[in-house]
Amino acid sequence: SAWTSPQIILLDRYIGPRFAETRISMIDQAIRQDGSNFICLWMASPQGDPAEVMQLAGYIAELDPKEVHTVAYIPTEARGSLPLIALACDDIVMHPSATLGGNIEDISPEDRADLLATVTNLIVPRRSRSEAIAGAFFDSQQVVFAFRKLQNGAIRYLTEQEWAQLPMRNEWQKISQITRNGESLEVNGQQAEDLGISRDLITNFAEFKTLYGLQDDPRFAEPNWVDGLVRALSSPSLAWLLILIGLAGIYSELQMPGIGIGGFVATVAFTIYFWANFMNHTADELEIVLFLIGIACLILEIFIIPGFGIFGLGGGALILVALILASQTFVFPQTDGDLRQLRNSLMTVGGALGGLAVFALLSRRFLPHAPLFSRLILENQSAQEIAPFEDEGDHLIGKTGETVTDLRPSGKAIFENELVDVIAEGEWIAAETPVTVVESHGARVVVKVASS
């Protein structure tokens with residue numbers, strides 16, 4: 001065989017930002033490091049983001065056919081913007097019942113215009129494809145006809161405007177209409193072959209190997225370990241776990257301020273979450289800033305200016321919004337694809353919140369008995385002797401009690417057999433220190449060290 005190190009690039013899921021970038025890296029590695037001169041793009045994804053599809057298709061179209069032969073293999077379907085990737089390849093081969101094109105309703109008019117511009121300025125010149133046929137995949141208003149040359153029977157596919165511009169147009173006879181106004185081009189494998197879009201029809205990959213004279217099975221190119229790690233961490237199956245760990249860390253830190261373990265765990269979990277989504281090109285500066293502002297609001301509410309919960313509620317809302325936006329490529333959904341992505345984001349964050357509720361229930365039941373934390377909550381009195389404080393704290397002003405945890409600056413103290421969440425006034429106070437209530441903001445009680 002004339003092919004050296006033939007490889008398969010699998011397009012097996014939605015063509016998003018990180019996915020397109022990873023596939024470009026894999027193709028480049030196959031060519032430059034492995035010396036491959038045959039690349040098969042196995043198209044098993046029905047949809048993709050138009051901008052990322054254009055990036056991948058542009059890279060493929062720029063490859064020199066004399067150095068590397070590219071083939072788009074379509075066993076099932078390639079719809080929406082994905083035909084652009086197939087058209088960028090040297091060859092297209094399809095299963096007879098496979099579908100190419102259609103479903104462009106979700107693509108915005110601006111993206112359709114960009115796809116058409118890519119066809120005209122890059123695909124047609126580099127791959128010598130019919131501009132009318134290629135453009136019809138992305139323009140539902142473009143009506144294409146088949147014309148036969150009277151002299152030799154040659155067939156060309158043109159719009160009426162293109163036919164009118166031919167220097168000897170009377171030598172061409174219109175014989176059939178290929179597309180209709182209001183409908184983009186959608187073809188099966190047989191129709192694609194008849195229109196000259198695909199090179200051949202195949203029913204399985206064994207026929208593909210025979211067609212191109214491949215002696216052995218081509219190797220499936222694999223992303224490097226960083227790409228694999230980013231893909232795994234940004235997937236919903238692990239993303240929800242990272243969010244759960246981070247939220248559980250924040251909850252633990254709020255319940256046991258000063259110990260630092262919860263804060264450290266939350267920092268690590270959310271750093272990994274945002275890094276993975278940043279590398280996946282779904283998170284950017286907006287999400288990170290919103291998240292940091294949310295954390296800052298929580299700190300203000302709990303440690304600095306306790307009040308009626310405005311900063312706490314607002315901070316929590318900002319954190320949730322940041323977590324949702326970090327896993328998607330838009331702010332407001334505009335297409336069906338966006339709605340599906342939003343649904344997945346909500347399910348990921350919602351699953352983490354459900355896990356947090358379970359964690360909170362379990363921690364309230366079992367954490368007080370854990371030896372590591374027993375000193376912090378000081379179970380030196382039984383639950384029957386100490387009642388949790390839940391009402392307004394005005395009646396405690398001026399009263400003296402004792403801290404049961406370190407106040408750094410928040411923690412817990414006992415006043416008249418009531419366990420109260422308190423905040424130190426301007427200093428950290430050690431456990432088992434007498435304190436006096438100086439202010440009350442609803443259920444938030446401010447204390448200072450009691451005078452000797």
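Residues numbered from 1 in each chain as written. Predicted model: local features only at pLDDT ≥ 70, side-chain atom pairs only at ≥ 80, totals over all residues. Heavy atoms only, no water.

Visitor: I'm lost on the overall build of the chain in this one. Help?
Guide: The helix and strand inventory of the chain stands at 15 helices and 18 strands. Evaluated residue by residue, the chain yields a buried proportion of 47% over its 452 residues. Counting only contacts in the chain whose residues sit at least 6 apart along the sequence, the fraction spanning at least 24 positions is 65%. Split by element, the accessible area of the chain, about 22,300 Å² in all, is 56% carbon and sulfur. (Helix = DSSP H or I, 4+ residues; strand = E, 2+ residues; numbered from the N terminus. Buried < 20%, exposed > 50% of the residue type's maximum accessible area, 1.4 Å probe, protein only. Contact = heavy atoms within 4.5 Å. Areas by Shrake-Rupley, 256 points an atom, 1.4 Å probe, with all protein chains shown as cover.)

Visitor: I keep staring at helix 13 (residues 310-325) and nothing clicks. Help me out?
Guide: Count 3.6 residues to each turn of an α-helix, and residues three or four apart come out pointing the same way. In this model helix 13 runs 22 Å from its N-terminal to its C-terminal C-alpha over 16 residues, within 8% of the 22 Å that 1.5 Å per residue would give. Buried residues of helix 13: Gly312, Gly315, Ile319, Ala322, Leu323, Ile324 and Leu325, and no others. (Expected span 1.5 Å × (residues − 1).)

Visitor: Got a minute to help me understand the pattern of salt bridges in this structure?
Guide: Pairing is possible between side chains that carry opposite charge, provided their charged atoms lie close to one another. As enumerated under the stated definition, the model contains 11 salt bridges in all. Of the charged contacts, one joins aspartate 34 and arginine 219 as a salt bridge, the two residues approaching to 2.8 Å between their closest N and O atoms. Of this pair, aspartate 34 sits in the loop between helix 1 (17-32) and strand 2 (38-43) while arginine 219 is found in strand 12 (residues 219-220), placing the two residues 185 residues apart along the sequence. With a closest N to O distance of 3.4 Å, arginine 127 and aspartate 90 form a salt bridge. Of this pair, arginine 127 sits in helix 4 (residues 109-127) while aspartate 90 sits in the loop between helix 3 (83-88) and strand 5 (91-94), and the two are 37 residues apart along the sequence. Look at arginine 127 and you get buried, because its relative accessible area is 10%. A relative accessible area of 18% means that aspartate 90 is categorised as buried. Shared partners join several salt bridges into a network, and the residues in it are Glu77, Arg79 and Glu186. (Salt bridge = Lys/Arg side-chain N within 4 Å of Asp/Glu carboxyl O.)

Visitor: Just checking my understanding: could you explain the side chain of arginine 129 for this structure?
Guide: With respect to the helices and strands, the residue arginine 129 is situated in the loop between helix 4 and helix 5 (131-136). With sequence-adjacent residues up to four places away left out, arginine 129 is seen in contact with Ala86, Leu87, Cys89, Asp90, Asp91, Ile92, Ile123, Val124 and Ile197.

Visitor: When you look at the packing of aromatic side chains in this model, what are you seeing that I'm missing?
Guide: The description of two aromatic rings rests on the distance between their centres and on the angle between their planes. Applying the stated rule across the entire model yields 17 aromatic pairs. Here tryptophan 42 and phenylalanine 205 contribute two aromatic rings whose centre-to-centre distance is 5.1 Å and whose plane-to-plane angle is 20°, an arrangement assigned as stacked. Of this pair, tryptophan 42 sits in strand 2 while phenylalanine 205 sits in helix 8 (residues 205-212), placing them 163 residues apart in sequence. The interplanar angle of 70° and the centroid separation of 6.5 Å between the aromatic rings of phenylalanine 145 and phenylalanine 147 together place this pair among those described as edge-to-face. The exposure class assigned to phenylalanine 145 is buried, which follows from its relative accessible area of 9%. A residue is classified by how much of its surface remains accessible, and phenylalanine 147, at 1% relative accessible area, is buried. (Phe/Tyr/Trp six-rings, centres within 6.5 Å; stacked < 30°, edge-to-face > 60°.)

Visitor: Would you mind showing me how to read the environment of glutamine 29 here?
Guide: Here glutamine 29 lies in helix 1. Here glutamine 29 falls in the partly exposed class, since its relative accessible area comes to 29%.

Visitor: Sorry if this is basic, but what is going on with the sheet that holds strand 10 (residues 186-188) here?
Guide: Across the sheet, which stays open at both edges, the 3 strands sit in the order 4-6-10 with mixed pairing between neighbours. For this open sheet the edge positions go to strand 4 (77-78) and strand 10, each flanked by a neighbour on one side alone. Bridging between strand 6 (residues 99-101) and strand 10 involves 3 bridges; their strand directions are antiparallel. Across the sheet, leucine 100 pairs through a bridge with valine 187, a residue of strand 10. (Pairing = 2+ DSSP bridges.)

Visitor: Would you take a moment to explain the environment of isoleucine 310 for this structure?
Guide: Looking at the element boundaries, isoleucine 310 is found in helix 13. Owing to a relative accessible area of 67%, isoleucine 310 belongs among the exposed residues under this scheme. Between the alpha carbons of isoleucine 310 and leucine 298 there is a distance of 9.6 Å; along the sequence they are 12 residues apart.

Visitor: What is the right way to look at unusual backbone geometry in this model?
Guide: Most peptide bonds adopt trans geometry, and most residues besides glycine take a negative phi value. Although it is not a glycine, asparagine 103 sits at a positive phi angle of roughly 55°. By the element assignment, asparagine 103 lies in the loop between strand 6 and helix 4. A relative accessible area of 36% places asparagine 103 in the partly exposed class.

Visitor: Can you walk me through the packing of helix 2 (residues 50-61) against helix 4 in this structure?
Guide: Packed helices, taken two at a time, are described by the angle their axes make and the gap between the axes. For the pair helix 2 and helix 4, the least separation of the axes is 11 Å and the interaxial angle reads 5°. The angle between the axes of helix 2 and helix 4 places the two elements in the roughly parallel class. Contact residues: helix 2 offers Pro50, Met54, Gly58, Ile60 and Ala61, while helix 4 offers Asp111, Asp114, Leu115, Thr118, Leu122, Ile123, Arg126 and Arg127. Split into classes, the residues belonging to the contact of helix 2 with helix 4 amount to 7 nonpolar, 2 polar and 4 charged. (Axes fitted to C-alpha atoms, helices over the stretch in contact; angles between N-to-C directions. Parallel < 35°, antiparallel > 145°, perpendicular 65-115°, else oblique. Nonpolar A, V, L, I, M, F, W, Y, C, P; charged D, E, K, R; others polar.)

Visitor: Explanation requested: the confidence of the model for the chain in the structure shown.
Guide: Parts of the model with low pLDDT should not have their predicted coordinates read in detail. On average, residues of the chain score 85 in pLDDT, and 88% of them are at 70 or above. Ignoring residues within four places in sequence, the model shows residues 374-390, a span with pLDDT below 50, making 35 contacts including any to other chains. (pLDDT = per-residue confidence, 0-100.)

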